[in-house]
Amino acid sequence: MRRPASLFKEARDHYDKSRYERALRLFLYIALRHPSDRLAEHAANLALDSLAILGRYEQLENTADEMLRATALVNQHPNLARSLRTIKYQARRRRADALVNVGDHVGCGEAYLELFNAEPNAQHADEVLYNAGVCFEQAGRVGAAVRLFDELEKRMPHSRLGEKALVRKAKLYSSIAAFARASESYEALVRKYPKSRS
């Protein structure tokens, strides 16, 4: 049986030559089968990096989950656990972004909303919630979009996206002939953002 250092050298060679599939298998083997080895954390990170380069974000999220469940690995390398949670969040975000790029408005709205509900205090949670609202708006789901823009305003009143959310909400109300509510939204916009050009 080959030692982790030898496997790592081979994996790194594949990685450096852009043979990410081959590198991935070896890096995962090292990380999950030799979690106490000094190279395990580095191998785990390069395995995840290989998946990101390949654009396989769902597998990236699943692999990060698998590594988080590998207690020997995360106990031996505590910094890795933090990185894995961040990577998992970023993978979910990229999957949602990919749905935007293919025009799946309902799918991206649901993906962003699921991401927000899983991590409501994440660094860019306001952006995730706003994006969910925009996706639902583009899908013609006015009620869902308005609720999400309201949620953004209530939960994150100082968000840099608050003004945009209010403008979108007012326009949505106008689009369904709810003029009293549209007027209330525009008045709130003027009150809260007096320098708004919207």
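K.L.:
Break down unusual backbone geometry for me, citing the residues and quoting the values.
P.N.:
With a phi angle near 60°, Ser 18 is a residue other than glycine that sits in the positive phi range. Within the secondary structure, Ser 18 sits in the loop between helix H1 (4-16) and helix H2 (20-33). One non-glycine residue, Ala 177, lies in positive phi territory at about 60°. Overall, Ala 177 belongs to the partly exposed group, its relative accessible area being 49%.

K.L.:
Lay out helix H9 (residues 142-155) in plain terms, naming residues and giving numbers.
P.N.:
For H9, built from 14 residues, the straight-helix expectation of 20 Å at 1.5 Å per residue is met to within 8% by its first-to-last C-alpha distance of 20 Å. Listed in full, the buried residues belonging to H9 are Val 142, Ala 144, Ala 145, Val 146, Leu 148, Phe 149, Asp 150 and Leu 152. Along its buried surface, H9 packs onto helix H7 (105-118), helix H8 (125-138) and helix H10 (162-175).

K.L.:
Summarise the packing of H1 against H2; cite the residues concerned and give the values.
P.N.:
Viewed as axis vectors pointing N to C, H1 and H2 meet at an angle of 155°, and their least axial separation amounts to 8 Å. Between H1 and H2, the interaxial angle falls into the category roughly antiparallel. In this structure, the crossing between H1 and H2 has a hand that is left-handed. Across the interface between the two elements, Pro 4, Leu 7, Phe 8, Glu 10, Ala 11, Arg 12, His 14 and Tyr 15 from H1 touch Tyr 20, Arg 22, Ala 23, Leu 26, Phe 27, Tyr 29 and Ile 30 from H2. For the contact of H1 with H2, the residue count by class is 11 nonpolar, 1 polar and 3 charged.

K.L.:
Hey, could you go over helix H6 (residues 78-101) for me, with residue numbers and the actual values?
P.N.:
Taking 1.5 Å per residue as the helical rise, H6 with its 24 residues ought to reach 34 Å, and the 35 Å between its terminal C-alpha atoms agrees with that figure. Along H6, the residues that are buried comprise Leu 80, Ala 81, Leu 84, Ile 87, Tyr 89, Ala 91, Arg 92, Arg 93 and Ala 96. On its buried face, H6 is in contact with helix H3 (40-54), helix H4 (57-69), helix H5 (71-76), H7 and H8. Looking one or two residues beyond H6, the residue adopting positive phi is Gly 103, at roughly 80°.

K.L.:
Go over the environment of Ala 91, please, and point to the residues and values.
P.N.:
Within the element layout of this structure, Ala 91 appears in helix H6. Of the residues examined, Ala 91 reaches a relative accessible area of 1% and is grouped as buried. For Ala 91 and Gly 103, which are 12 residues apart along the polypeptide, the C-alpha to C-alpha distance reads 19 Å. Ignoring any residue separated from it by four or fewer positions in sequence, one finds Ala 91 in contact with Tyr 57, Leu 60 and Glu 61.

K.L.:
Lay out the confidence of the model for the protein chain in plain terms, naming residues and giving numbers.
P.N.:
Taken over all residues, the pLDDT of the protein chain has a mean of 94, while the share at 70 or more is 99%. Mean pLDDT in the protein chain bottoms out at helix H11 (residues 179-192), which sits at 87, and peaks at H8, which reaches 98.

K.L.:
Go over the packing of aromatic side chains with me, naming the residues and quoting the values.
P.N.:
Aromatic ring pairs are reported here in terms of the distance separating the ring centres and the angle at which the planes meet. Per the stated rule, a full pass over the model turns up 4 aromatic pairs. Ring geometry for Tyr 130 versus Phe 149: centroids 5.7 Å apart, planes at 45°, classification tilted. With Tyr 130 in helix H8 and Phe 149 in helix H9, this pair connects stretches of sequence that are 19 residues apart. Each member of the pair, Tyr 130 as well as Phe 149, carries the same accessibility label: buried. These aromatic residues form a ring-pair network of at least three members: Phe 8, Tyr 15, Tyr 20 and Phe 27.

K.L.:
Any details on the nonpolar core? Residues and values, ideally.
P.N.:
Counting residues in hydrophobic clusters, the biggest one holds 32 residues, and the most contacted among them are Phe 8, Phe 27, Leu 60, Met 67, Leu 73 and Leu 84. Elements with a minimum of two residues in this core: H1, H2, H3, H4, H5 and H6. In contact with Leu 84, other than residues within four places in its own chain, are Leu 48, Ala 64, Met 67, Leu 68 and Val 74. Within the second largest apolar cluster, 27 residues are counted, among which are Leu 115, Val 128, Tyr 130 and Ala 144.

Parameters and conventions
Residues numbered from 1 in each chain as written. Predicted model: local features only at pLDDT ≥ 70, side-chain atom pairs only at ≥ 80, totals over all residues. Heavy atoms only, no water. Helix = DSSP H or I, 4+ residues; strand = E, 2+ residues; numbered from the N terminus. Buried < 20%, exposed > 50% of the residue type's maximum accessible area, 1.4 Å probe, protein only. Expected span 1.5 Å × (residues − 1). Contact = heavy atoms within 4.5 Å. Axes fitted to C-alpha atoms, helices over the stretch in contact; angles between N-to-C directions. Parallel < 35°, antiparallel > 145°, perpendicular 65-115°, else oblique. Left-handed = near helix turned anticlockwise from the far one by under 90°. Nonpolar A, V, L, I, M, F, W, Y, C, P; charged D, E, K, R; others polar. pLDDT = per-residue confidence, 0-100. Phe/Tyr/Trp six-rings, centres within 6.5 Å; stacked < 30°, edge-to-face > 60°. Core = buried A, V, L, I, M, F, W, Y, C linked by side-chain atoms within 4.5 Å.

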